[in-house]
Amino acid sequence: MSVISIEDIENSPNKTVNCKFEEKINGINSVGPVSAKLELQSLGDFISVKGHVNAVLKLECDVCLKEYEYNLDFDIDEMYAKNALMEEYGQETELKEGQFITDLNGEDEIDIYDLLYQSVILNIPNKKVCGINCNGNRFLNEENLLDPRMSVFKNIHIEKG
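As the structure is a prediction and not an experimental result, all values here were calculated from the model.

## Considering unusual backbone geometry
- Positioned with a positive phi, Asn14 is a non-glycine residue whose angle comes to about 60°.
- Positionally, Asn14 belongs in the loop between helix H1 (6–11) and strand S2 (16–23).
- Given the relative accessible area of 70%, Asn14 is considered exposed.
- For Leu65, which is not glycine, the phi dihedral falls at a positive 70°.
- For Leu65, the location among the structural elements is in the loop between strand S4 (46–60) and strand S5 (67–81).

See the structure below:
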C-alpha cells in the first residue's frame, strides 16, 4: 500500500492507520526492498507520520570508488498539513528539531512511496566511505586504474625522498 487516503485515517479507530511498506524504490540502489513500519494519525488540521525505516543500500565509496553495502536504519517523524499552510489553524502544534511540515494543498491522500524515497535520500551519508581503513592510496592501485575515471592518474610519478 503506497498511498493512504486521509479519509481512511479519519474513519479508522483512534484516527490512526498502521502500514507496512516492503518494496524496491526506483532511483534507490538497494540490495533488497526498503522496509518501513509507519503509523499515520490525524491530529485535527495535521497528519502525523511516525515510524521506522531500514534497507541495505549499494553505495560507491568517495575515496576508492568501490561499491559497498550500507545499512540504513532510521526513524521517520513527519507532519502533513491538510490545508494550505498560510491559512489560520485553530490549534497549535509543536515542531521538534529536524521536523518539517509538508503542505498537502488539499490533496486527499499521502504518497508513502514518495515520502520514503525522500527520507532515504536524505539519510544517505554526505561522505560515503566503504570502511574505516579505506585510504587515498587505493587511487593508485592498478585495479582502479582500469576505471576510465581514474585514467588521469596513470602518468603521475611520485618521487620518494
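After that view of the structure, there is still more to cover.
## Remarks on the sheet that holds S4
- Strand order in the open sheet formed by five strands is S2-S3-S4-S5-S6, and the pairing between neighbours is mixed. At either end of the open sheet lies a strand with only one pairing partner, and these are S2 and strand S6 (101–103). Between one strand and the next, the sheet's axes are offset by a mean angle of 30°, whatever the strand orientation.
- Where S4 and S5 come together, 15 bridges link them in antiparallel fashion. Bridge pairing links Asn54 to Asp73 in S5.

## As for the nonpolar core
- In this structure, Leu38, Leu40, Val49, Val53, Ile112, Leu116 and Val120 are the most contacted members of the largest nonpolar core, which totals 33 residues.
- The element best represented in this core is S4, accounting for six residues.

Criteria and cut-off values
- Residues numbered from 1 in each chain as written.
- Predicted model: local features only at pLDDT ≥ 70, side-chain atom pairs only at ≥ 80, totals over all residues.
- Heavy atoms only, no water.
- Helix = DSSP H or I, 4+ residues; strand = E, 2+ residues; numbered from the N terminus.
- Buried < 20%, exposed > 50% of the residue type's maximum accessible area, 1.4 Å probe, protein only.
- Pairing = 2+ DSSP bridges.
- Axes fitted to C-alpha atoms, helices over the stretch in contact; angles between N-to-C directions.
- Core = buried A, V, L, I, M, F, W, Y, C linked by side-chain atoms within 4.5 Å.

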